[in-house]
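Overview (structure and organization)
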Amino acid sequence: PKTGKTENLYGLKYWTNPVKRIKEKNNTDETLMAVSDGSVRNGTLGGTWAWSIIEYDKQGNLNPIGIIGRGREKTPQLDTQTTHSYRMEALGLLSLMTCARYDLQWKGEIDLHMDNKGVIQTYTKCDHWTQPQWVKQTDKDVWEAIAREKREFWNNRIHITHVESHVDKKKDENGQPREPTQIERMNIHVPRVVRTQKPRLNVAPDITAAPIAATTA
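Now for a description of the structure that goes with this document.

The rules we used
- Residues numbered from 1 in each chain as written.
- Predicted model: local features only at pLDDT ≥ 70, side-chain atom pairs only at ≥ 80, totals over all residues.
- Heavy atoms only, no water.
- Helix = DSSP H or I, 4+ residues; strand = E, 2+ residues; numbered from the N terminus.
- Buried < 20%, exposed > 50% of the residue type's maximum accessible area, 1.4 Å probe, protein only.
- Axes fitted to C-alpha atoms, helices over the stretch in contact; angles between N-to-C directions.
- Parallel < 35°, antiparallel > 145°, perpendicular 65-115°, else oblique.
- Left-handed = near helix turned anticlockwise from the far one by under 90°.
- Contact = heavy atoms within 4.5 Å.
- Nonpolar A, V, L, I, M, F, W, Y, C, P; charged D, E, K, R; others polar.
- Expected span 1.5 Å × (residues − 1).
- Phe/Tyr/Trp six-rings, centres within 6.5 Å; stacked < 30°, edge-to-face > 60°.
- Lys NZ or Arg CZ within 6 Å of the ring centre and 35° of its normal.
- Core = buried A, V, L, I, M, F, W, Y, C linked by side-chain atoms within 4.5 Å.
- Salt bridge = Lys/Arg side-chain N within 4 Å of Asp/Glu carboxyl O.
- Polar contact = N/O pair within 3.5 Å; in protein donor to acceptor, adjacent residues only side chain to side chain.

**Let's talk about the overall build of the protein**
Helix and strand content of the protein: six helices and six strands. In the protein, the order of α-helices and β-strands from amino to carboxyl end is β-α-β-β-β-α-β-α-α-α-β-α. Within the protein, the fraction of its 217 residues that count as buried is 48%.

**Examining the packing of helix α3 (residues 117–125) against helix α5 (residues 140–154)**
Each pair of packed helices gets described by two things: the angle between the helix axes and the distance between those axes. Two numbers describe how α3 lies on α5: the axes approach to 10 Å, and their chain directions differ by 50°. When the axis of α3 is compared with that of α5, the two are oblique. Crossing hand, α3 versus α5: right-handed. Together, V119, T122, Y123, T124 and K125 of α3 and W143, I146 and K150 of α5 make up the contact between the two elements. Per-class residue counts for the contact of α3 with α5 are four nonpolar, two polar and two charged.

**Notes on helix α2 (residues 85–103)**
Turn by turn, an α-helix covers 3.6 residues, leaving residues three or four places apart pointing in a common direction. Its 19 residues place the ends of α2 26 Å apart at the C-alpha level, agreeing with the 27 Å of an ideal helix rising 1.5 Å per residue. For α2, the tally of buried residues reaches 17 of 19 residues, placing the bulk of the element in the interior.

**Comments concerning the packing of aromatic side chains**
Using the criterion set out here, one finds three aromatic pairs in the structure. Both rings, one in Y86 and one in W143, keep their centres 6.0 Å apart while their planes meet at 35°; by these two values the pair is tilted. Of this pair, Y86 sits in helix α2 while W143 sits in helix α5, and the two are 57 residues apart along the sequence. Neither residue differs from the other here; Y86 and W143 are each classed as buried. When the centroid spacing of 4.8 Å and the interplanar angle of 90° are considered together, the rings of F153 and W154 count as edge-to-face. In this structure W154 comes out as buried when scored by relative accessible area, which is 0%. Its guanidinium or amino end placed over the ring of Y123, K150 lies 4.2 Å from that ring's centre, counting from NZ or CZ. Across the ring face of F153, the terminal group of R157 is positioned such that the distance to the ring centre comes to 4.8 Å.

**What about the nonpolar core?**
With 39 residues, the main nonpolar core has L93, I110, W143 and I146 as its most contacted residues. Of the residues forming this core, the biggest block, ten residues, is contributed by α2. If near-sequence neighbours (up to four positions away) are discounted, I146 is found in contact with A90, L93, L94, M97, Y123 and C126.

**Quick word on the pattern of salt bridges**
A full pass over the atoms with the stated rule returns eight salt bridges. A salt bridge links R101 to E149; the shortest N-O distance between them is 3.1 Å. One end of the pair, R101, is in helix α2; the other, E149, is in helix α5, and 48 residues separate them in sequence. With relative accessibility at 2%, the residue R101 sits in the buried group. Given the relative accessible area of 2%, E149 is considered buried. A salt bridge links R178 to E164; the nearest nitrogen and oxygen atoms lie 2.9 Å apart. Taken together, the positions of R178 in the loop between β6 (158–162) and α6 (182–195) and E164 in the loop between β6 and α6 put the pair 14 residues apart, joining distant regions of the chain. Overall, R178 belongs to the partly exposed group, its relative accessible area being 27%. Accessibility expressed as a relative area gives 29% for E164, which makes it partly exposed.

**Comments concerning the side chain of N26**
Mapped onto the elements, N26 comes out in the loop between α1 (16–24) and β2 (31–42). Among the polar contacts listed, one links the side chain of N26 to the backbone oxygen of Q105, at a separation of 2.7 Å. Contact partners of N26, with chain neighbours within four places excluded, come to L104, Q105, W106, K107 and G108.

Next comes the structure, spelled out in C-alpha cells:
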C-alpha cells in the first residue's frame with residue numbers, strides 16, 4: 001500500500017549488528033542520538049547531505065554505530081537556479097526522519113545535533129505555520145514534507161541541538177588549535193561521509209510524490 005514516505009532521500013549504509021541492536025531497544029522511552037550535515041561546493045551543480053546514528057560506548061566515548069544515510073540532489077540545468085546549504089541540511093533532516101520512521105520503525109525520541117541554526121529554528125515552528133508564512137518560506141517542497149512528518153508521526157519526539165561547526169579548524173584565544181568536544185567530533189565526522197558520496201546516488205528526492213495523508217508503515 002502507498003504511504004506518505006518520501007522516496008530517494010538516502011542511500012542507506014549499515015551493518016547487521018547495529019540495526020539488530022537498535023530494534024532490540026526500540027521502545028518509547030529510548031532515545032536515538034544522531035548527527036547530520038549538508039554540503040554545497042558549487043550551487044549550480046547541487047549538493048549533498050548525510051547523517052549518522054551515534055551512541056556512547058562503555059567507556060563513555062561517542063562513536064558512530066554503523067547506520068549512515070547519505071544523498072545527493074542535482075540542480076536543474078539552468079544557470080539561474082542554485083542550491084544552498086540550508087536546503088541540503090533540511091534534506092538531511094527529512095532523510096533521517098524518514099529512515100527512522102519507515103526503515104527502523106523507531107518508537108522513541110531522537111536527539112539530533114547539527115550546525116545549521118536556520119534549519120533548527122525553522123523546524124521548531126514549521127508544523128503550525130499559517131498560509132501567509134508558507135508563501136514566504138524557501139524550499140517549500142522540503143519543508144512541507146518535514147512538517148507533514150512532524151505532525152503525523154514525530155510530534156515533539158525529535159529534539160535538535162546546535163553544535164559548532166569545523167572546530168578542528170579553529171583556534172582558541174591564545175592562538176592554539178581548539179580541542180573539539182565529543183559531539184563536535186561527531187559533527188566533524190559527518191561532512192567526511194558527505195564528501196565520500198558517490199555520483200551513482202545522484203537522484204533527486206521524490207518529495208512531490210508524497211501524498212498529504214500519510215499512513216505509518
